[in-house]
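In case you want the letters, here they are:
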Amino acid sequence: MFSGWQLFQVPRRAVGYLLAVDALALLIVLISTLQVTVTVSEIVTASVLAGCGVAHTELASTIEKARRAVAGQGHVDLASVWVFAGVLLLPTPLAAAVIAVIYAHYQWRNPFVAWHRRVFGISVMIIAGKVAAMLLDLVGGAGHLFGPTIAPLTVLVVVAALVTFSALDVAMIAIRVLLYGTPGVTVRKGFSDPSKHMLEISTLFYGALLAFALSYSPALVVLALPPVLMLHRSVLLKQVEEKARKDSKTGLLNSEGWHERANRERSRAVRASETFGLLMVDLDHFKRVNDTYGHVAGDAVLKAVADAISKEVRDYDAVGRFGGEEFVVLLPGMSDDDGVGVAERIRHAVTQLVVEAPVEGATTVIRNLSASIGVSTFPAAGDDIEPLLLAADAALYQAKNGGRNQVVSSTALVKPVLAVAA
């Protein structure tokens, strides 16, 4: 009976961790329930926060659906506004109840996450919330902090609780990602986007402000809901803009998005008098892949190559797809020798790829891929992006003519020309 449960389809090394976190959260709630006395005003506050969280989900359902459609790994749902206010103001049992109500309703409206993962997420927030609340207890608890006057110490303690809550939340989820070991889903990919961290931190700060407001009157929550909905909409617009700069097949930057990043890097390099490298990567004989296995298999190869390139560069390097089987990489701060070294790593990684691709209802394995790569460096090969692209493309053309599956630098093309001129 249990074999069909999604939890038991999780890698065994992760099941124990998930159950341990859930059990710890449950234990925290049970012990706290025996230790605290809940007041009527706290029940009212909890009801208001849970109600607003549910209303938020309902009113933003269309926006949230669109956000999920364009969001990548590490989706931020903005419910932390209501959750963190509850963590700051309420005893642990009521804060846990607010979290459970909001996310149970969220799951009911958006059943795209397995229940065991949703329960794990709730448990993580209960644990993180309890630890954050313990910081408040060190200075007298919420009743002492949120009074008629706000002391500087209050703000410092709330910020410390906020940082603690966020750090524990990220750490426990990161451990889960590591234990799952899902191909293509890594801690680096999930947590390397600073904009997602800033969004989460912003919602927590908003939750802290809401807690201060609610400490005076629960009726002030009416002033919080419209701005949260507007924040939701503005985040959607930002995600749509970001998606417009991405290549749909590989998830890399498209030509427009890459050029935008490249021009910013050129401006920075000029101001700082620094260099940067540029790579043009072209798959060898890619037409054979499409002709032999079909375009769906070809798309799988492109995605695998895109992932291989991304793994060999730094988080802040810009990797783009220019169409077809051609990729381009911007390497801030790198010299020509550095660029050649990165290019060689990419070339080797491509040769090691084993791609499982769908072919006529079955799965086939595609091996023996290779890539030719041209390297150019700013400002030696050109003082603007287009001349650098032309120089890298000329080096790529030389790599193709030289037998493919090799790296050629644009500096290597200069010497023969000078020799002929001499």
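Each value, and the rule that gives it
Residues numbered from 1 in each chain as written. Predicted model: local features only at pLDDT ≥ 70, side-chain atom pairs only at ≥ 80, totals over all residues. Heavy atoms only, no water. Helix = DSSP H or I, 4+ residues; strand = E, 2+ residues; numbered from the N terminus. Contact = heavy atoms within 4.5 Å. Areas by Shrake-Rupley, 256 points an atom, 1.4 Å probe, with all protein chains shown as cover. Expected span 1.5 Å × (residues − 1). Buried < 20%, exposed > 50% of the residue type's maximum accessible area, 1.4 Å probe, protein only. Patch = residues over 30% accessible without salt bridge, like charges linked within 9 Å, V, L, I, M, F, W, Y side chains within 5 Å. Salt bridge = Lys/Arg side-chain N within 4 Å of Asp/Glu carboxyl O. Phe/Tyr/Trp six-rings, centres within 6.5 Å; stacked < 30°, edge-to-face > 60°. Core = buried A, V, L, I, M, F, W, Y, C linked by side-chain atoms within 4.5 Å. Pairing = 2+ DSSP bridges. Axes fitted to C-alpha atoms, helices over the stretch in contact; angles between N-to-C directions. Polar contact = N/O pair within 3.5 Å; in protein donor to acceptor, adjacent residues only side chain to side chain.

On a plain count of helices and strands, the protein chain comes out with 17 helices and seven strands. Partitioning the intrachain contacts of the protein chain with sequence separation of at least 6 by distance along the chain shows that 73% fall at a separation of at least 24. If you sum the accessible surface of the protein chain, you get close to 20,900 Å²; carbon and sulfur atoms cover 63% of it.

To continue, consider helix α1 (residues 12–35). The end-to-end C-alpha separation of α1 is 35 Å, in line with the 34 Å expected for 24 residues at 1.5 Å each. Residues Ala14, Val15, Tyr17, Leu18, Val21, Asp22, Ala25, Ile28, Val29 and Ser32 constitute the buried set of α1.

A contiguous nonpolar patch, built from Leu24, Leu27 and Ile31 and spanning about 260 Å² of accessible area, is present on the exposed surface. Position of Leu27 among the secondary structure elements: in helix α1. Taking the relative accessible area as the measure of exposure, Leu27 reaches 46% and is therefore partly exposed.

Applying the stated criterion across every chain yields a total of five aromatic pairs. Here Tyr103 and Tyr106 contribute two aromatic rings whose centre-to-centre distance is 6.2 Å and whose plane-to-plane angle is 55°, an arrangement assigned as tilted. Separated by three residues within a single helix, Tyr103 and Tyr106 lie in helix α5 (residues 92–109), roughly one turn from each other. Using a relative accessible area of 4% as the deciding quantity, one classes Tyr103 as buried. By relative accessible area, which is 4% here, Tyr106 ends up buried. Ring centres of Trp258 and Phe322 lie 5.4 Å apart, and the angle between their planes is 80°; on these two criteria the pair is classed as edge-to-face. Of this pair, Trp258 sits in helix α12 (residues 255–272) while Phe322 sits in strand β2 (residues 318–323), and the two are 64 residues apart along the sequence.

Now for the nonpolar core. Considering soluble globular proteins, one finds that nonpolar side chains tend to be buried as a cluster. Membership of the largest hydrophobic core comes to 54 residues, with the highest contact counts inside it found for Trp82, Tyr103, Phe165 and Leu210. Sequence-distant contacts of Tyr103, defined by excluding residues within four places in its chain, comprise Asp77, Ala79, Ser80, Val83, Arg118, Ile122 and Met125. Counting residues in each nonpolar core, the second largest holds 36 residues, with Leu283, Ala304, Leu331 and Met334 among its members.

Pairing is mixed in the open sheet, where five strands are placed in the order β2-β3-β1-β6-β7. Single-partner strands in this sheet number two, and they are β2 and β7 (407–409). The mean inter-strand angle of the sheet, taken between neighbouring strand axes irrespective of direction, is 20°. Both strand β1 (residues 276–283) and strand β6 (residues 371–378) contribute to a ladder of eight bridges, which runs antiparallel. Note that in β6 the partner of Val281 across the bridge is Ile373. Along the sheet face, helix α15 (residues 336–351) touches β1, β3 (326–332), β6 and β7 and points at about 160° away from the line of β6. Against the sheet, helix α16 (residues 385–401) touches β1, β2, β3, β6 and β7, its axis set at about 145° to β6.

Scanning all chains against the criterion turns up 14 salt bridges. Salt-bridge contacts for Lys249 lead to Asp299; the nearest nitrogen and oxygen are separated by 3.3 Å. Of this pair, Lys249 sits in the loop between α11 (225–244) and α12 while Asp299 sits in helix α14 (residues 295–311), placing them 50 residues apart in sequence. Accessibility expressed as a relative area gives 28% for Asp299, which makes it partly exposed. One salt bridge in this structure joins Arg268 and Glu265, with 2.8 Å as the shortest N-O distance. Placement of the pair is Arg268 and Glu265 together in helix α12, with a separation of three residues, close to one helical turn. According to the relative accessible area criterion, Arg268 is partly exposed, its value standing at 28%. The class of Glu265 is buried, set by a relative accessible area of 9%. It is possible to trace a salt-bridge network through shared partners that takes in Glu265, Arg268 and Glu274.

Attention now goes to the side chain of Thr203. Summarising the element assignment, Thr203 is placed in helix α10 (residues 194–216). At 2.6 Å, the side chain of Thr203 and the backbone oxygen of Glu200 are in polar contact. Setting aside anything within four residues of it in sequence, one finds Thr203 in contact with Leu78, Ser80, Val81 and Leu231.

A regular strand carries its side chains on alternate faces of the sheet. Burial along strand β4 (residues 355–359) is one-sided: Val355, Ala357 and Val359 are buried, while Glu356 and Pro358, pointing the other way, are not. Pairing analysis gives five bridges linking β4 to strand β5 (residues 362–366), with the strands arranged antiparallel. When the sheet's bridge partners are listed, Val359 is paired in β5 with Ala362. Remark: two residues form the turn of the hairpin made by β4 and β5, two consecutive strands paired antiparallel; Glu360 in that turn has positive phi of roughly 50°.

On to the side chain of Ser409. Mapping Ser409 onto the fold places it in strand β7. Side chain to side chain, Ser409 and Thr411 meet in a polar contact 2.9 Å long. With sequence-adjacent residues up to four places away left out, Ser409 is seen in contact with Asp336, Val340, Val375 and Ala395.

Another aspect to go through is the environment of Leu209. Topologically, Leu209 is positioned in helix α10. Residue classification places Leu209 among the exposed positions, given a relative accessible area of 58%.

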